[in-house]
Amino acid sequence: DQQVKQNSPSLSVQEGRISILNCDYTNSMFDYFLWYKKYPAEGPTFLISISSIKDKNEDGRFTVFLNKSAKHLSLHIVPSQPGDSAVYFCAASGGSNYKLTFGKGTLLTVNP
Amino acid sequence: DAGVIQSPRHEVTEMGQEVTLRCKPISGHDYLFWYRQTMMRGLELLIYFNNNVPIDDSGMPEDRFSAKMPNASFSTLKIQPSEPRDSAVYFCASSSKLITPQDYGYTFGSGTRLTVV
């Protein structure tokens, strides 16, 4: 059973526009959420995170929004650049353990 | 720091053969994770260690899979016997809560692409 769900396998946007990637979770124990970015033939790299005590976290062009009541988070990239083309993974953690549970990923393609 | 080092980068093997994947974590990291990436299931955690001790192996698919961490600088993931459905990219990651807790400090290796024919 997928506890972290990324229902869009792919997303295509034009350069300069906004990219919005979505993630839903089912486990109420999750209290920390992260986004990772992955290029082909490389391992995932950390992008941005948010704690459940916040509803927004911003880092440059990247903003993550958390809606705890809906168990939903989203990653906004503004403006999108061709170099942002990659697979984006949503991840979550909670409770006393230290492991991250990942979604299936969303392939973002930013067209010039 | 060279980062998390995985070997081999690619492995092609025949069904029924034993496969061993290797990982060298970042020095000073006390957590080590093995993940598997497939189209169907995304990135799924197989097992993780803390201070060389396995903490959670609930993601290990079946008895054909085993993982060891004999010391702080080396870990192996073994599949015996291998099957075509084991074909995937296997990632190793290491981390330390004490270093960068806000991002979980996960550093992933580049992965091993396993193909079982």
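How each quantity is defined
- Residues numbered from 1 in each chain as written.
- Chains lettered and ligands numbered in written order.
- Predicted model: local features only at pLDDT ≥ 70, side-chain atom pairs only at ≥ 80, totals over all residues.
- Heavy atoms only, no water.
- Buried < 20%, exposed > 50% of the residue type's maximum accessible area, 1.4 Å probe, protein only.
- Helix = DSSP H or I, 4+ residues; strand = E, 2+ residues; numbered from the N terminus.
- Pairing = 2+ DSSP bridges.
- 1 Å grid on protein atoms, 1.4 Å probe; cavity = no way out; pocket = protein on both sides within 12 Å on 5 of 7 lines; lining within 4 Å.
- Points joined across faces, edges and corners; volume = space filled by probe spheres on them.
- Nonpolar A, V, L, I, M, F, W, Y, C, P; charged D, E, K, R; others polar.
- Patch = residues over 30% accessible without salt bridge, like charges linked within 9 Å, V, L, I, M, F, W, Y side chains within 5 Å.
- Areas by Shrake-Rupley, 256 points an atom, 1.4 Å probe, with all protein chains shown as cover.
- Salt bridge = Lys/Arg side-chain N within 4 Å of Asp/Glu carboxyl O.
- Axes fitted to C-alpha atoms, helices over the stretch in contact; angles between N-to-C directions.
- Phe/Tyr/Trp six-rings, centres within 6.5 Å; stacked < 30°, edge-to-face > 60°.
- Contact = heavy atoms within 4.5 Å.
- Buried area = accessible area lost by both parts, 1.4 Å probe.
- Polar contact = N/O pair within 3.5 Å; in protein donor to acceptor, adjacent residues only side chain to side chain.

(A) Fine view of the pairing of strand S9 (residues 86-94) of chain A. All names here are of chain A. Burial analysis of S9 places eight of its nine residues in the buried class, which makes it a mostly covered element. The sheet contact formed by strand S4 (residues 30-38) and S9 spans eight bridges and is antiparallel. Looking at the pairing, Phe 33 lines up with Ala 92 of S9. Note that S9 and strand S11 (residues 106-111) share three bridges and pair antiparallel. The residue of S11 that forms the bridge with Ala 86 is Leu 108.

(B) A look at the layout of surface pockets. Of the voids in this model, the largest pocket is the one considered here, and its volume is about 700 Å³. Taken together, the residues of the lining of the largest pocket break down into twelve nonpolar, twelve polar and five charged. Considering only enclosed or pocket space, the second largest pocket measures out at about 540 Å³ in volume. Surrounding the second largest pocket, 26 residues form its lining, Asp 1, Gln 3 and Thr 101 of chain A together with Glu 44 and Leu 45 of chain B being those nearest its centre. Considering each element in turn, the lining of the second largest pocket owes the most residues, four residues, to strand S5 (residues 42-50) of chain B.

(C) Seen up close, the sheet that holds strand S8 (residues 72-77) of chain A. Residues and elements named next belong to chain A. In spatial order, the strands read S1-S3-S8-S7-S6; together these five strands make up an open sheet with antiparallel pairing. In this open sheet, the two edge strands, each paired with only one partner strand, are strand S1 (4-5) and strand S6 (56-59). With six bridges joining them, strand S7 (residues 62-67) and S8 adopt antiparallel strand pairing. When the sheet's bridge partners are listed, Asn 67 is paired in S8 with His 72.

(D) Structural context of a nonpolar patch on the surface. Residues and elements named next belong to chain A. Residues Ile 18, Ile 20 and Val 78 make up a contiguous nonpolar surface patch of roughly 220 Å² in combined accessible area. Mapping Ile 18 onto the fold places it in the loop between strand S2 (10-14) and strand S3 (19-25). Residue Ile 18 is classed as partly exposed on the basis of its relative accessible area of 40%.

(E) Structural view of the sheet that holds strand S1 (residues 5-7) of chain B. All names here are of chain B. Read across the open sheet, the four strands follow the order S1-S3-S8-S7; overall the sheet is antiparallel. Either end of the sheet is taken by a strand with one partner, and the two such strands are S1 and strand S7 (65-71). Along the sheet, successive strands turn relative to each other by an average axial angle of 15°, direction set aside. The sheet contact formed by strand S3 (residues 19-24) and strand S8 (residues 74-79) spans five bridges and is antiparallel. By the bridge assignment for S8, Val 19 is matched with Ile 79.

(F) Local environment of the packing of aromatic side chains. Residue and element names in this part refer to chain B. Counting across every chain of the model gives 17 aromatic pairs over all chains. Ring geometry for Tyr 31 and Phe 33: centres 6.1 Å apart, planes at 10°, overall stacked. Under the relative-accessibility criterion, Tyr 31 is labelled buried at 11%. A residue is classified by how much of its surface remains accessible, and Phe 33, at 0% relative accessible area, is buried.

(G) Representation of the interface of chain A and chain B. Taken together, the contacts link 20 residues of chain A with 26 residues of chain B. A combined buried area of about 1900 Å² lies between chain A and chain B, and 59% of that area is made up of carbon and sulfur atoms. Counting the surface chain A buries against chain B, the share from its top three residues, Tyr 98, Lys 99 and Phe 102 of chain A, is 38%. Taken together, chain A and chain B are joined by one salt bridge. Across the pair Lys 99 of chain A and Asp 56 of chain B runs a salt bridge whose closest N-O atoms are separated by 2.7 Å. Counting across the chain A and chain B interface gives six residue pairs in polar contact (both at pLDDT 80 or more). If you list the elements that add at least two residues to the side of chain A that touches chain B, you get S4, strand S5 (45-51) and S9 of chain A. Element by element, the count of residues in the side of chain A that touches chain B is highest for S4 of chain A, at four residues. Split into classes, the residues belonging to the side of chain A that touches chain B amount to ten nonpolar, six polar and four charged.

The values are spatial; any link to function lies outside them.
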